[in-house]
Amino acid sequence: MSERFAQSLLLGGLILLLVKGVRAEPPKDPIYVKTSTGWNAAYAHGNEYAEFRVTGTGAKLQDAYHILLQKGVGMMVSFVDKRELQNDNDVLSAHAQWEINYWHQHASRVESDTREDLTGTRKDVKVTEIRVYNDKGAQMSSYLIGLAAKDGVFVLSLSPTKKDVDPSVKELASSFKLVPRKLDAEEAKRLSSEAKTQR
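Values in this document were obtained by computation on a predicted structure and should not be read as measured data. (Residues numbered from 1 in each chain as written. Predicted model: local features only at pLDDT ≥ 70, side-chain atom pairs only at ≥ 80, totals over all residues. Heavy atoms only, no water.)

Give a description of the overall build of the chain that names residues and reports values.
Along the chain, the regular secondary structure elements total four helices and 11 strands. With 199 residues in all, the chain has 48% of them scored as buried. Restricting the contact set of the chain to residue pairs at least 6 apart, pairs at least 24 apart contribute 56%. (Helix = DSSP H or I, 4+ residues; strand = E, 2+ residues; numbered from the N terminus. Buried < 20%, exposed > 50% of the residue type's maximum accessible area, 1.4 Å probe, protein only. Contact = heavy atoms within 4.5 Å.)

Listed below in structure tokens is the structure:
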């Protein structure tokens, strides 16, 4: 079950939006800028965007929304509109519950834990570990890293996972930040220049 899921999660053509190619209109997909330690990323929604860092020279972009972090560990980038969720007051908990409800419909058993040990004291980010079992007892685990935004939740989903990825999840969560500006061509250019100083 987890191998098929990982393959479907990571397959796709390489669609890399290079910041040099960004014209006057704002990017619709996440953008990535190569650094000496990996990638700096930004994903816009409305008048704000999420930024995060993918570290490790082995990280490979599969397309704009899927990254192979290391062998057997993929990550998907997404945004969930708060209109999809049941609770406007606590979008992070509502998003986690939304994902858990989805898996309850598709698995024999679902377990979840909030991983505060991976977020520290931040209230704008939530890490939820979800374990899904099929009817034969096979397990697939994933981490959801949610970042609260004005109109919903930016999400980094890692799967399949093992306990040895906790440090990577913690590093991703600590770099996951909301920027209250439009990700237009000028902002993308600024991010590119900033990344060059990190090379």
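Additional details are given in the paragraphs that follow.
With reference to specific residues and values, describe the side chain of Glu99.
By the secondary structure assignment, Glu99 is in helix α2 (residues 91–106). No salt bridge is formed by the buried Glu99; its nearest oppositely charged neighbour, Lys126, is found at 13 Å. Residue contacts for Glu99: discarding those within four places in its chain leaves Ile130 and Leu144. (Lys, Arg positive; Asp, Glu negative; His and termini not counted. Salt bridge = Lys/Arg side-chain N within 4 Å of Asp/Glu carboxyl O.)

Please provide a residue-by-residue account of the sheet that holds strand β11 (residues 177–179), values included.
With respect to topology, four strands assemble into an open sheet ordered β1-β2-β3-β11, the strand pairing being antiparallel. If you trace the sheet from one side to the other, it starts and ends with β1 (31–35) and β11, each paired once. Between one strand axis and the next, the sheet turns by 25° as a mean value, whatever way the strands run. The pairing of strand β3 (residues 48–55) with β11 spans three bridges and is antiparallel. In the sheet register, Glu51 faces β11, and the bridge partner there is Lys177. (Pairing = 2+ DSSP bridges. Axes fitted to C-alpha atoms, helices over the stretch in contact; angles between N-to-C directions.)

Before we move on, could you go through the confidence of the model for the chain and cite the residues and values that matter?
Overall, the predicted model of the chain reaches an average pLDDT of 83, with 83% of residues at or above 70. Segment residues 1–25: pLDDT under 50, and 48 contacts once partners within four positions in sequence are set aside and those in other chains are kept. (pLDDT = per-residue confidence, 0-100.)

Go over helix α4 (residues 185–196) with me, naming the residues and quoting the values.
Owing to its 3.6 residues per turn, the α-helix brings residues three or four apart onto one side. Across its 12 residues, α4 extends 17 Å between first and last C-alpha, which sits within 8% of the 16 Å expected from 1.5 Å per residue. Three or more residues of α4 are buried, namely Glu187, Ala188, Leu191, Ser192 and Ala195. Buried residues of α4 fall within an arc of 145° about the axis and therefore sit on the same side. Opposite its buried face, α4 presents the exposed residues Glu186 and Lys189, each directed more than 90 degrees away. Close packing links the buried residues of α4 with β1, β2 (38–45), β3 and β11. Of the residues flanking the start of α4, the one acting as N-cap is Asp184, its side-chain oxygen 3.3 Å from the backbone nitrogen of Glu186. (Expected span 1.5 Å × (residues − 1). Arc of directions from axis to C-beta. Polar contact = N/O pair within 3.5 Å; in protein donor to acceptor, adjacent residues only side chain to side chain.)

With reference to specific residues and values, describe the pairing of strand β10 (residues 152–159).
For β10, the tally of buried residues reaches eight of eight residues, placing the bulk of the element in the interior. Here eight bridges tie strand β6 (residues 73–81) to β10, and the two strands are oriented antiparallel to one another. Directly across from Met76, in β10, lies its bridge partner Ser157. Pairing of strand β9 (residues 139–148) with β10, which is carried by six bridges, proceeds in the antiparallel orientation. Bridged to Tyr143 within β10 is Leu158. Joining the antiparallel neighbours β9 and β10 is a turn of three residues.

Explain the pattern of salt bridges residue by residue, including any values.
All told, the structure shown has 12 salt bridges when counted by the stated rule. Among the salt bridges present, the one from Glu111 reaches Arg131, with a minimum N-O distance of 3.2 Å. Residue Glu111 is located in strand β7 (residues 109–114), and its partner Arg131 is located in strand β8 (residues 125–133); the two are separated by 20 residues in the primary sequence. Residue class for Arg131 comes out buried when judged on its relative accessible area of 14%. With a shortest N-O distance of 2.7 Å, Arg115 and Asp166 are connected by a salt bridge. Residue Arg115 is found in the loop between β7 and β8, and its partner Asp166 is found in helix α3 (residues 166–175); the two are separated by 51 residues along the sequence.

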